[in-house]
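Architecture at a glance
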Amino acid sequence: MNWKNFLSSGYIFSDNENELATRYKIINIVLLILSMLLILILVVYVFIDNTKGVIIYSSALLLSVFSLFILRQVGKNNYKISIYIINLGYFIILILGHLHEPGEHPLVAWAIIQMFICFFILDIKLSMIISVWYVFTVVWLAIYTADNMIKYILKQLLPIGFVVIMLKILDKKIIEGMIKLDKTNKNLETTINERTMKIEEEKRKLYTQANYDCLTGLPNRHNFYRTIRNWIDNDKDRNLKFALFFIDIDRFKRVNDSFGHPIGDSVLKVVSARLNSISNDKNFLYRISGDEFILLLKYNDEKEIDIVSYKVQNIIKPAIVLKKHTLYISVSIGISLYPSDTVNYDDLIRYSDTSMFKSKKEGIGLCTRYSQGMARKIQKNVILETQLYNALD
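Quick notes on the rules
Residues numbered from 1 in each chain as written. Predicted model: local features only at pLDDT ≥ 70, side-chain atom pairs only at ≥ 80, totals over all residues. Heavy atoms only, no water. Pairing = 2+ DSSP bridges. Helix = DSSP H or I, 4+ residues; strand = E, 2+ residues; numbered from the N terminus. Axes fitted to C-alpha atoms, helices over the stretch in contact; angles between N-to-C directions. Contact = heavy atoms within 4.5 Å. Parallel < 35°, antiparallel > 145°, perpendicular 65-115°, else oblique. Nonpolar A, V, L, I, M, F, W, Y, C, P; charged D, E, K, R; others polar. Core = buried A, V, L, I, M, F, W, Y, C linked by side-chain atoms within 4.5 Å. Buried < 20%, exposed > 50% of the residue type's maximum accessible area, 1.4 Å probe, protein only.

Another point: the sheet that holds strand β3 (residues 292–298). On the basis of which strands lie adjacent, the open sheet formed by five strands has the order β2-β3-β1-β6-β7 and mixed pairing. Looking at strand neighbours, the two that pair on one side only are β2 (283–289) and β7 (367–369), the edges of this open sheet. The mean angle between the axes of side-by-side strands here comes to 20°, regardless of whether they run parallel or antiparallel. In this structure, β2 lies alongside β3, joined through six bridges in antiparallel fashion. If you follow F284 over to β3, its bridge partner there is L296. Across the sheet, helix α8 (residues 221–234) is in contact with β1 (242–249), β2, β3 and β6 (331–338); its angle to β2 comes to roughly 135°.

Written out as structure tokens, the structure is:
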């Protein structure tokens, strides 16, 4: 037997229907316990050969079993109707039992049990309805069956009156508790939302600080390395082609030394904005250090490399006017190609850096594309310089 399915009456409840699911569990548990209790009482009446008792408790047991069945048929949102019908049936059986065996069937005890069960399953309204039914029933029984009407009424109604008062107090406490709980939940939800928003904001700040340059707002060195690694690692078939432009501002140190770092920062912002204006879905700009930028260009035809190189040089040429200063800036560019020059990203960066320094060595505002001969020449010069240094030492 699937107990989960039994307790939910075969219904499936969403996360927003936890209260409804709990009510169904309570109803089914109560009906199951009541059925077991009625079976025990029925067995006793069978042994003592009390036919009236057997009939009454058999009727109550059948109603309990039928109630478990009907809860599965009415639809999960119509359980209240079922509860009213079930309780009306129990109350009728209760009255009939008391009429046949007044001494054997304590009416007030069963009525109190029924009131408490209805209060916890549904709400206080049903308990009050049962109490009203009970009052009318007791008065009617007192008129027609009791020898001492006043004594009978007091004996039957005083406990019910006490239970009604208790349920009203309990209901008030529960409502107050629910209001406090709801208020606490709302405050907790507000606090959680505020903290979540702060955490998300801190995460955004940390992500921005880790991946973007704080001065220019461009993607930074870390962002660049992640991008180029992903491009190369994901290009298993070597179908991707891209150029790496290593861009360096010419004589930028002189700008800082002559006009100060605030002017130097302003120049960097202007240069960044100009370079970024030619970025699109095929080329991507990064600031990797003080006056150094990298542009990644995905291309199909190598003519695109010359076009972008020309754009970079020309967009930097116009004068930069800052306060009382008018500055003319140029950039030196070194270019390496993937995969024709190398398929290793460290080598690709090193080759473009080497090409950029060759541009600077030959003048300003120049662009140089990497070649194998260039690397050998630079390596030869480094070896020669080392030998000269060792000889002088």
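Resuming the write-up.
Right, let's get into the packing of α8 against helix α12 (residues 345–362). Relative orientation of the contacting elements α8 and α12 amounts to 120°, with a least axis distance of 10 Å. Taken together, the axes of α8 and α12 lie oblique to each other. The segment α8 lies against α12, with F224, Y225, I228, R229 and I232 engaging Y345, L348 and I349. Here the residues of the contact of α8 with α12 sort into seven nonpolar, no polar and one charged.

Moving on, we come to the nonpolar core. With 30 residues, the main nonpolar core has F245, I247, V267, V271, F293 and V312 as its most contacted residues. For this core, the element with the most residues is helix α10 (residues 261–276), which contributes five residues. Beyond its immediate sequence surroundings of up to four residues, F293 is in contact with L218, F245, F246, I247, I249, L268, V271, S272, L275, L285, Y286 and R287. Membership of the second largest hydrophobic core comes to 27 residues, among which are I27, L31, I41 and L42.

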